Amino acid sequence: MDSILVTGNGPLNGQIPIAGAKNACLTLMPATLLSEEPLTLTNAPRLSDIKTMTQLLQSLGAEVSSLQDGQVIAMSSHDLTSQTADYEIVRKMRASNLVLGPLLARFGQAVVSLPGGCAIGARPMDLHVEGLEALGADIELSDGYLHAKAPGGLKGAVHEMRFASVGATENIVMAATLAKGTTVLKNAAREPEIVDLVECLRKMGAQISGEGTSTIEIQGVDRLHGATHQVVTDRIELGTYMLAPAICGGEVELLGGRMSLVESFAAKLDAAGVSVTETEKGLKVARKNGRVASVDVVTEPFPGFPTDLQAQMMALMCTAEGTSVLEERIFENRFMHAPELVRMGANIEVHGGTATVTGVNQLKGAPVMATDLRASVSLILAGLAAEGETTVSRVYHLDRGYEHVVRKLEGVGAKIERIKGQ
Ligand code: EPZ
C-alpha cells in the first residue's frame, strides 16, 4: 500500500485548482438510469469512487465511457441487463445505494445490497426506505439486500423525512421524477450537491422546484431525455485546501472556489483569524496574523458546518491559540483522526461526540495511519505544519476523494511525495 511523506516546509503560496464534486458526481451518475437517452457529465473528478460507480453502472448493463483523461463521463442506460447492485461493489462504496431510486422509478424493481457499516458509522438506509415506501414502493430486506418493487409504478406523495439525509433526499427526488402525480419532500437536505442534481434532472426534463430549501416539490413526468451537465465545484476539496495556508501560513488562491459553497466554513475561518476573499478566479485565503485562534465547531446539515470538514478543521485547531470544542452531530464515530494527531503531539480529548482540542505551539512529524477519507487529508494538513517528517499510510482512502493531492500541494510549495508500497 502506498504512503505519503510530508515534510513541514513553511508558508504555502500560489494557486490550487479545485475539481468537480465527488459527492455531486456520485449522485449524477446514477441519474443516467432514469432515461434511455445519453447523459454526459463534464468537470468530473478523477477519483477511485468514480471508478467504483462506473463499475456498478456497467454491472447493470449501462455503457459508461471516461473521456478527456476522466473529466468527461459519457453514459447510456438504454439497454440495462440487471437491476441488482451487488454487495461486492456496494460494500466498497455506500453511494452505490443511489441506484435504488432510479432503478425503481424506471423499471419498477431494484435489488440493492445494504452497504454495511463503514469506519465512520453504521450508516443505515431506513430514511431511504421510508421515503420510497411513501411513493408506493414495497421494500423487503432479505439476505442483506433491499428487494424493492413498484409493479404499477410509483405515485407522488407528501413525505417528511425524520432527518435531512443527503442520500435519502437524492434517492427520493430521483424516484419522484417518474412517479405519477406530485411529490412534496419535507425536511429535505439542502446541500449544493442536491441543487446540482436537480439542475441536471431539470435539463433531462424533470419538473422540480425548491432545491436548496427544506421543501422540494416534484411533478412526475412520463419519461426523461438525455442531457449534458457540468459537475459543480467540490466544496469539501475547496474547504480542505483553504486550510493549507491557514495551518502553514502564506497565501493561496483556490481556483473555481465560490463563497456560496463554503459560507459557514469561511465564517469559522474568519473567526479563527483567517481571511477568505473572493477573486474573479476563486477564493484567496491567508492568515490575518501569526497564529490562528481556537474556535468551537458543531457539524450540521447544510448550510451548517460540514461534517466532511470536521477532521481537517481539527488539524488546524491543534495548532491554534487556546482550546476549541468540536461536536460531531452527523456521524457516530468520526474522530478516528484524533489519536493519530495525538501521535504528532496534539492535545485532544474525545468524549463521545465531542473532541476538546488545546492548541500546541508545534506539531511534530510522525508515522500515522489514515482511517477514512477525510481523516487521511487531516493528517496531511497536520504534516504540512509539523516539524520534521510525517508518513501517512493507507492512502487508498485519500484516492477516493482527492485527485492529484501531491501535485496540487507541491504546486504551492509543499514538500510532499507519494511512496510506492511494496
Ligand atoms: C453524504 O452521505 C456524503 N456522501 C457524505 O460524505 C457526507 O458526510 C454526508 O452526506 C453528510 O453530509 C455522499 O454524498 C456520497 P446522510 P450520506 O444520509 O448520504 C444517518 C465523504 O466524506 N442516516 O446525510 O450517507 C447516517 O447514518 C462522505 O465524502 C440514517 O440514520 O449521509 C448519518 O449518521 C462521508 N438513516 C446521518 O444520517 C438513513 O437512511 C447523515 O447521513 C440515512 C442516513
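Everything numeric here is computed off the predicted structure, so don't read it as measured data. The residue numbering used here restarts from 1 in each chain and proceeds along that chain's sequence as written. Only residues with pLDDT of 70 or above have their local features reported here, since the model is predicted, and side-chain atom pairs are shown and tallied only from 80 upward, although totals for entire chains, interfaces and linings are computed over all residues. As a rule here, side-chain values come from all non-hydrogen atoms in the structure, and water together with hydrogens is ignored.

Participant: Where do I start with the sheet that holds strand E11 (residues 182–186) in this structure?
Facilitator: A strand pair is defined by DSSP finding two or more bridges across the two strands. Under the DSSP-based scheme used, a helix requires at least four consecutive residues in state H or I and a strand at least two consecutive residues in state E, with every element numbered from the N terminus. Taken together, four strands build an open sheet; the order of strands is E10-E11-E13-E12 and the sheet is mixed. Bordering the open sheet on either side are strand E10 (158–160) and strand E12 (207–209), each of which pairs with just one other strand. On average, each strand axis in the sheet is inclined to that of its neighbour by 15°, with strand direction left out of account. With three bridges joining them, E10 and E11 adopt parallel strand pairing. Along E11, the bridge assignment pairs Glu160 with Lys186. In this analysis an axis means a line fitted to C-alpha atoms, helices contributing only their contacting stretch, and an angle means the value between N-to-C directions, from 0 to 180 degrees.

Participant: Could you clarify how one ought to interpret the site of the ligand in this entry?
Facilitator: Note on definitions. A residue lies near a molecule or strand when any single heavy atom of the residue is within 4 Å of it. Around the ligand sit 22 residues in total, of which Arg94, Asp126, Ser165, Asp308 and Ile330 are the nearest. Between Ser165 and the ligand, the recorded distance is 2.7 Å, taken from a side-chain N or O atom to an oxygen atom. Pairs of N or O atoms are called polar contacts if they sit within 3.5 Å, as long as, within protein, a hydrogen donor faces a hydrogen acceptor (for residues adjacent in sequence, only side-chain-to-side-chain pairs). Side-chain polar atom of Asp308 to an oxygen atom of the ligand: 2.6 Å apart, as the coordinates give it. The classification used treats Ala, Val, Leu, Ile, Met, Phe, Trp, Tyr, Cys and Pro as nonpolar, Asp, Glu, Lys and Arg as charged, and all other residues, Gly among them, as polar. Class assignment of the residues belonging to the shell around the ligand gives a composition of 10 nonpolar, five polar and seven charged. As used throughout, domain bounds are those supplied by an automatic or database domain assignment. Formed jointly, the shell around the ligand draws a minimum of three residues from each of two domains, domain 1 (3–19 + 233–419) and domain 2 (22–230).

Participant: Before we go on, may I ask you to explain the UniProt feature "modified residue: 2-(S-cysteinyl)pyruvic acid O-phosphothioketal" (unreviewed entry) in the chain in this structure?
Facilitator: UniProt positions are given in the numbering used here, feature names are shortened, and annotations may be inferred rather than shown by experiment. As recorded in UniProt, the feature "modified residue: 2-(S-cysteinyl)pyruvic acid O-phosphothioketal" (unreviewed entry) lies at Cys118. Mapped onto the elements of the fold, Cys118 is located in the loop between strand E7 (109–113) and helix H5 (126–134). Think of it in three bands: with a 1.4 Å probe and only protein chains considered, a residue is buried below 20% of the maximum accessible area for its type, exposed above 50%, and partly exposed in between. By relative accessible area, Cys118 is classed as partly exposed at 35%.

Participant: How do you make sense of the side chain of Arg94 when you look at a structure like this?
Facilitator: In this fold, Arg94 is placed in the loop between helix H3 (87–90) and helix H4 (100–107). Only four residue types enter the tally: Lys and Arg on the positive side, Asp and Glu on the negative side; His and the chain ends are excluded. Here, a salt bridge means any side-chain nitrogen of Lys or Arg that lies within 4 Å of a carboxyl oxygen of Asp or Glu. No salt bridge is formed by the buried Arg94; its nearest oppositely charged neighbour, Asp126, is found at 7.1 Å. Side-chain polar atoms of Arg94 contact the backbone oxygen of Pro124, separated by 2.9 Å. Any two residues whose heavy atoms approach within 4.5 Å are treated as being in contact. Those residues in contact with Arg94 that sit more than four places away from it in its chain are Pro115, Arg123, Pro124, Met125 and His128.

Participant: Sorry if this is basic, but what is going on with the domain arrangement of the chain here?
Facilitator: Often, the extent of an interface is quoted as the loss of accessible area on bringing the components together. In terms of domains, the chain is made up of domain 1 (3–19 + 233–419) and domain 2 (22–230). Centre-to-centre, using C-alpha coordinates, domain 1 lies 30 Å away from domain 2. Taken together, the contacts link 24 residues of domain 1 with 20 residues of domain 2. Once two parts are joined, some of their accessible surface, as seen by a 1.4 Å probe, is lost; buried area is that loss totalled over both. In this assembly, domain 1 packs against domain 2 so that about 1900 Å² is buried in total across both faces, 51% of it on carbon and sulfur atoms. Area buried by domain 1 at its contact with domain 2 is led by Phe302, Arg400 and Glu403, which between them contribute 32% of it. Across the contact surface, domain 1 and domain 2 share three salt bridges. The salt bridge partner of Glu403 is Arg46, with a shortest N-O separation of 3.0 Å. For the pair domain 1 and domain 2, the interface holds seven residue pairs in polar contact (both at pLDDT 80 or more). Within the side of domain 1 that touches domain 2, the residues separate by chemical class into 10 nonpolar, four polar and 10 charged.

Participant: So what exactly am I meant to see when it comes to the side chain of Ser3 here?
Facilitator: Tracing the chain through its elements places Ser3 in strand E1 (residues 3–7). The contacts of Ser3, once residues within four sequence positions are left out, are Thr391, Val392, Ser393, Val395, Glu417, Arg418 and Ile419.

Participant: I tried to follow the pattern of salt bridges on my own but got confused; where do I start?
Facilitator: For side chains of opposite charge, pairing can occur when their charged atoms come near one another. On inspection of all chains with the given rule, the structure shows 20 salt bridges. For Lys284, the salt bridge goes to Glu251, with nearest N and O atoms at 3.9 Å. Taken together, the positions of Lys284 in strand E17 (residues 282–287) and Glu251 in strand E15 (residues 250–255) put the pair 33 residues apart, joining distant regions of the chain. We classify Glu251 as partly exposed; its relative accessible area is 39%. Through salt bridges that share partners, Arg46, Asp69, Glu237, Glu403 and Lys408 make up one connected network.

Participant: Honestly, the pairing of strand E16 (residues 274–278) in this entry has me stumped. Any pointers?
Facilitator: Look at any regular strand and the pattern is simple: side chains alternate between the two faces of the sheet. Two elements, E16 and E17, share five bridges in a ladder whose sense is antiparallel. Among the inter-strand pairings, Val274 is bridged to a residue of E17, identified as Arg287. Taking the residues between adjacent antiparallel strands as the criterion, E16 and E17 are bridged by three residues.

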